Amino acid sequence: MTWRNWARSQRAAPSRVHAPTTIDEVRRDVEHARQQRRTIRPVGSSHSFSAAARPDDVQLTVDALRGVVALDAPGRLVTVRAGTTIRELSELLAEQGLALDNLGDIDRQTIAGAISTGTHGTGIRHQSIGASVVAATLVTAEGRVLHVSETERPELLPAIRLGLGVLGVLVDVTLRCVPAFALEAIEAAVELDAVLDDWQGLLRRTDHFEFYWFAATSLAVTKSNTRVDGPLAPRSAIGRFIDEQVLTDVGHSALLTLSALVPAASRAVNEVAARGMARGRFVEPSHQVFSAERAVRFRELEYGIPVAAMPEALREIDRALRRASLVPTFPFEVRAIGADDALLSTANGRETAYIAAHRWWREDPRPLFELVEPILLAHDGRPHWGKLHSLRAPQLAERFPGFADFLAIRDELDPERVFASAWTTRVLGT
């Protein structure tokens with residue numbers, strides 16, 4: 001049996017694969033692994049670019065743990081099983097007039113995987129998905145069912161809101177929701193310098209702002225999403241298909257192939273891609289604007305840095321790419337969110353800007369990532385746990401204020417390291 005992640009950047013041959021359908025089955029599988037002195041890793045949709053989910057020994061997939069456990073519409077709380085995808089959850093909530101306050105840009109992640117790796121979205125007055133967790137149920141390394149909430153072991157919540165799968169197997173989570181809302185999406189190709197010069201203003205004036213920058217061009221594709229009550233002005237089914245499949249996926253894939261075959265065309269390809277990416281204005285339910293399916297595979301490195309540092313950091317990256325004559329034909333993505341309290345969060349205690357570098361999965365990402373990473377580290381960068389990076393536990397301990405507290409909680413819940421892997425040893429130590 002072979003496991004591979006979505007980006008094809010990780011693979012493994014697990015010794016066993018468990019697919020439990022109930023909490024009791026999760027308990028049985030974890031107890032068996034511990035008794036056999038094996039390690040076991042929970043796996044969701046495998047959308048992490050890093051080896052966060054890679055099973056070195058036993059794999060436990062949460063795919064069958066799906067659906068809503070409880071819904072308190074008046075109280076705006078939903079309890080959902082771990083394997084429910086972002087897309088499924090968003091549609092279920094929409095039917096009840098509810099929504100998650102913020103989402104990332106991929107809709108196929110499981111809710112447990114999104115929480116466990118720090119999926120964040122954008123919006124300086126908003127937070128990551130994990131910040132909405134008010135309770136959780138997990139199976140610990142001893143096979144014990146542990147309930148954590150604002151009244152039961154509340155001191156564990158900041159760890160569980162981004163737990164990397166090392167504290168136990170998340171089997172369900174309770175999320176605080178908001179009333180359903182629509183987003184007016186305005187996408188435009190504008191001058192990069194204008195965006196960088198007005199970075200702080202754009203963040204404060206817009207509910208959810210982000211932009212894409214194509215290397216070797218002076219263009220930024222801005223995505224300004226403003227919360228509105230309506231009326232909706234959705235793209236037609238045909239228009240949505242053309243936007244998301246023909247232009248974004250099929251068209252982008254064709255351009256990437258051209259650049260790989262003819263590197264000298266990369267600059268021109270980026271100009272075409274930037275101008276073709278902007279899709280004008282539309283108004284749709286929030287989850288349809290925030291997230292989408294991604295068909296073009298890529299590898300990604302992303303760091304969170306102080307918001308004020310972003311413009312200079314991106315300009316440094318631009319200068320470094322020009323010196324190296326390196327023109328990646330996948331855009332840089334720039335977002336920002338508010339501070340939160342998760343111990344391992346890239347936004348722990350500070351408003352955070354994110355700069356993400358991407359490389360098509362058929363190309364070697366190392367030259368790009370090795371150029372970009374030192375620049376982001378110099379700006380007090382913290383790497384995203386689900387993305388590729390080179391840091392190890394001692395370096396990470398210096399960058400995440402809650403690192404030592406997280407390790408203490410891990411020692412309590414998994415002293416025998418039942419949920420360990422080569423990757424967790426690298427990033428958390430032994």
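A brief report on the enclosed structure follows. (Residues numbered from 1 in each chain as written. Predicted model: local features only at pLDDT ≥ 70, side-chain atom pairs only at ≥ 80, totals over all residues. Heavy atoms only, no water.)

Here's the deal with the pattern of salt bridges
Under the criterion given, the structure shown has 30 salt bridges. The shortest N-O distance in the salt bridge between R161 and D341 comes to 3.2 Å. Taken together, the residues R161 in the loop between α4 (157-160) and β11 (169-176) and D341 in the loop between β18 (332-337) and β19 (352-360) connect sequence positions 180 residues apart. The buried category is assigned to R161, whose relative accessible area is 12%. Take D341: its relative accessible area is 40%, and that puts it in the partly exposed class. Across the pair R359 and E363 runs a salt bridge whose closest N-O atoms are separated by 4.0 Å. The class for R359 is buried, based on a relative accessible area of 12%. We classify E363 as buried; its relative accessible area is 17%. The structure contains a network of salt bridges with shared partners spanning E300, E302, E333, R335 and K387. (Salt bridge = Lys/Arg side-chain N within 4 Å of Asp/Glu carboxyl O. Helix = DSSP H or I, 4+ residues; strand = E, 2+ residues; numbered from the N terminus. Buried < 20%, exposed > 50% of the residue type's maximum accessible area, 1.4 Å probe, protein only.)

What about the side chain of T85?
Summarising the element assignment, T85 is placed in the loop between β7 (77-81) and α2 (86-95). Residue T85 is classed as buried on the basis of its relative accessible area, which comes to 11%. Apart from the residues lying within four places of it in its own chain, the contact partners of T85 are R66, D107, R108, Q109 and T110. (Contact = heavy atoms within 4.5 Å.)

Considering the side chain of K223
Inspection of the secondary structure puts K223 in strand β15 (residues 219-228). An unpaired buried charge is present at K223: no salt bridge exists, and E187, the closest side chain of opposite charge, is 4.1 Å distant. With residues up to four places along the chain from it excluded, the contact list for K223 reads I186, E187, H208, F209, E210, Y212 and R279. (Lys, Arg positive; Asp, Glu negative; His and termini not counted.)

Remarks on the packing of helix α10 (residues 310-324) against helix α11 (residues 366-378)
Packed helix pairs are specified by the crossing angle of their axes together with the interaxial distance, meaning the distance between the axes. Taken N-terminus to C-terminus, the directions of α10 and α11 make an angle of 145°; their axes are 10 Å apart at the nearest point. Crossing of α10 against α11: the hand is right-handed. In contact with A313, E316, I317, A320, L321 and A324 of α10, α11 contributes L368, L371, V372, I375 and L376. Looking at the contact of α10 with α11 residue by residue, the class counts come to ten nonpolar, no polar and one charged. (Axes fitted to C-alpha atoms, helices over the stretch in contact; angles between N-to-C directions. Left-handed = near helix turned anticlockwise from the far one by under 90°. Nonpolar A, V, L, I, M, F, W, Y, C, P; charged D, E, K, R; others polar.)

Topic: the sheet that holds strand β3 (residues 16-18)
Across the sheet, which stays open at both edges, the three strands sit in the order β3-β5-β4 with parallel pairing between neighbours. Each of the sheet's edge strands pairs with one partner strand only, and the pair in question is β3 and β4 (40-43). Along the sheet, successive strands turn relative to each other by an average axial angle of 25°, direction set aside. Judged from the three bridges that link them, β3 and strand β5 (residues 58-61) form a sheet pairing that is parallel. Paired with R16 across the bridge in β5 is V58. Here helix α1 (residues 23-35) sits on the sheet and contacts β3, β4 and β5; the angle it forms with β5, its principal contact strand, is near 170°. (Pairing = 2+ DSSP bridges.)

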